[in-house]
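Survey of secondary and tertiary structure
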Amino acid sequence: MTIGKLINWLRGTSQAMPLPDELWQQTLASLPFVERLDDEEKTRLRKLTEAFLAEKEFTSAGGLELTDAVCVSIATQGCLPILNLGLESYRNWVGIIVYPDEFIIPRVVEDEFGIVHEYDDIASGEAWDGGPLLISWHDAQMAGAGYNVVIHEFAHKLDMLNGEANGIPPLPASVSRTEWEATLLAAYEDFCALVDEAAERGDDTLFDPYAAESPGEFFAVMSETFFETPDILSEEYPALYTLMSRFYRQDPAARGR
């Protein structure tokens, strides 16, 4: 089957099909943090990506041409976090909406005084509990240097498996909630202090300051760094890196060595 017909074929079946070699190799070449996987891991990731593409439904918005390369790139990045967790981790939702660039999401927020505020939020990604996942293709192509909107939003989906995205996803039996909360929140509070200090000095932080928004955003941003720049995360927050390694059942820092 030719590359150009892949997505149309997928829309008509729920069975996984082999990805064309050319398309798979092009995808790997564009994602250096995926290229670091060993051959056995790449084989399993490829099969997982194929199953993901057969199960989920991609649509485009904002005039974007939805190509096979777009869908496979997003699917591959999204499947990396669940390489050893399984596709069941992305249950209860099917839709992925891809925009050409950042998009606007209308927000309605009620403050502590009961006053309702309406505003437009510019976003590069969004994960809806039980609903679709929204991605900016422009931002998705910026993957590889510690910023990964795809992994960020898919981490939110994992977090939402047991309720709101609060930074505490369903944990394996080997990780207690007490240990997870203590380690995550300690790193989160430290990072929030660093963000405040950097703002006063007009400096940048090693990680995206958006991680200081909430523990849920911190978990998502740290998931980006865990897979893309694991050495930096391991050096700055070794306890958190070890904990996330136990959660994802992967050790990305070891791949670089």
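The numbering scheme is per chain: residues are counted from 1 as the chain's sequence reads. Whole-chain, interface and lining totals are the exception, using all residues; otherwise, since this is a predicted model, local features are given only for residues with pLDDT of at least 70 and side-chain atom pairs are given and counted only at 80 or more. Only hydrogens and water are set aside; all other atoms, that is, all heavy atoms of the structure, feed into the side-chain values.

1. A few points about the pairing of strand E1 (residues 57-60)
Cut-off, in case you're wondering: Whether two strands pair comes down to DSSP finding at least two bridges between them. Comment: elements are numbered from the N terminus, with helices defined as DSSP H or I runs of at least four residues and strands as E runs of at least two. Place the viewer so that the strands point away; then a crossover is right-handed whenever the path from the first strand over the helix to the second strand goes clockwise.
With four bridges joining them, E1 and strand E2 (residues 95-99) adopt parallel strand pairing. Bridging from a neighbouring strand, threonine 59 pairs with isoleucine 97 of E2. In terms of handedness, the path from E1 via helix H5 (residues 68-79) over to E2 forms a crossover that is left-handed.

2. Remarks on the pairing of strand E6 (residues 133-136)
So the rule is basically this: Only protein chains enter the accessibility calculation, which uses a 1.4 Å probe. A residue is then buried if its area is under 20% of the maximum for its type, exposed if over 50%, and partly exposed in between.
Neither face of E6 is open: one carries Leu133 and Ile135, the other Leu134 and Ser136, and all of them are buried. Strand direction decides the pairing type here: E2 and E6, joined by four bridges, are parallel. Within the sheet, the bridge partner assigned to isoleucine 96 lies in E6 and is leucine 133. In this sheet, E6 lies alongside strand E5 (residues 125-127) in antiparallel orientation, the contact comprising three bridges. The partner of alanine 127 across the bridge, within E6, is leucine 133. The hairpin formed by E5 and E6 contains five residues between the paired strands, and glycine 130 there has a positive phi angle of roughly 80°.

3. Re the sheet that holds E6
Formally: Comment: axis = line fitted to C-alpha atoms, over the contacting stretch for helices; angle = value between 0 and 180 degrees taken between N-to-C directions. We call two residues contacting when some pair of their heavy atoms lies within 4.5 Å.
Across the sheet, four strands lie side by side as E1-E2-E6-E5; this open sheet has mixed pairing. Unpaired on one side and paired on the other, E1 and E5 mark the two borders of the sheet. Neighbouring strand axes in the sheet, compared pairwise and without regard to direction, differ in orientation by 20° on average. In the packing of helix H7 (residues 149-159) onto the sheet, contacts are made with E2, E5 and E6, and the angle to E6 comes to roughly 170°.

4. A look at the environment of leucine 161
Locating leucine 161 in the fold gives a position in the loop between H7 and helix H8 (177-201). Along the primary structure leucine 161 and serine 89 are separated by 72 residues, whereas in three dimensions their C-alpha atoms are 7.8 Å apart. Ignoring sequence-local partners within four residues, the contact set of leucine 161 consists of Ser89, Arg91 and Pro170.

5. A few points about the environment of leucine 64
Looking at the element boundaries, leucine 64 is found in the loop between E1 and H5. Overall, the relative accessible area of 14% leaves leucine 64 in the buried class. In contact with leucine 64, other than residues within four places in its own chain, are Val98, Tyr99, Pro100 and Trp137.

6. Some thoughts on the packing of aromatic side chains
Geometrically, a pair of aromatic rings is defined through the distance of the ring centres and the angle of the planes. Defined as follows: Only Phe, Tyr and Trp rings are paired, with Trp represented by its six-membered ring, and only when their centres lie within 6.5 Å; those with planes under 30 degrees apart are stacked, over 60 edge-to-face, the remainder tilted.
A full pass over the atoms with the stated rule returns 19 aromatic pairs. Relative to tyrosine 90, the ring of phenylalanine 52 lies with its centre 6.2 Å away and its plane at 75°, an arrangement referred to as edge-to-face. With phenylalanine 52 in helix H4 (residues 39-55) and tyrosine 90 in the loop between H5 and E2, this residue pair connects regions lying 38 residues apart in the sequence. A residue is classified by how much of its surface remains accessible, and phenylalanine 52, at 0% relative accessible area, is buried.

7. Some remarks on the packing of H7 against helix H9 (residues 215-228)
The description of two helices packed together rests on the angle between their axes and the distance between the axes. Formally: Comment on the angle field: the value is read as roughly parallel under 35 degrees, roughly antiparallel over 145, roughly perpendicular from 65 to 115, and oblique elsewhere. For any helix crossing, the convention is left-handed if the near helix is rotated counterclockwise from the far helix by under a right angle, and right-handed if that rotation is clockwise.
Viewed as axis vectors pointing N to C, H7 and H9 meet at an angle of 130°, and their least axial separation amounts to 8 Å. In terms of their interaxial angle, H7 and H9 are classed as oblique. The interaxial crossing formed by H7 with H9 has right-handed handedness. The residues of H9 that touch H7, namely those facing Val149, Ile151, His152, Ala155, His156 and Asp159, are Gly216, Glu217, Phe219, Ala220, Val221, Ser223, Glu224 and Phe227.

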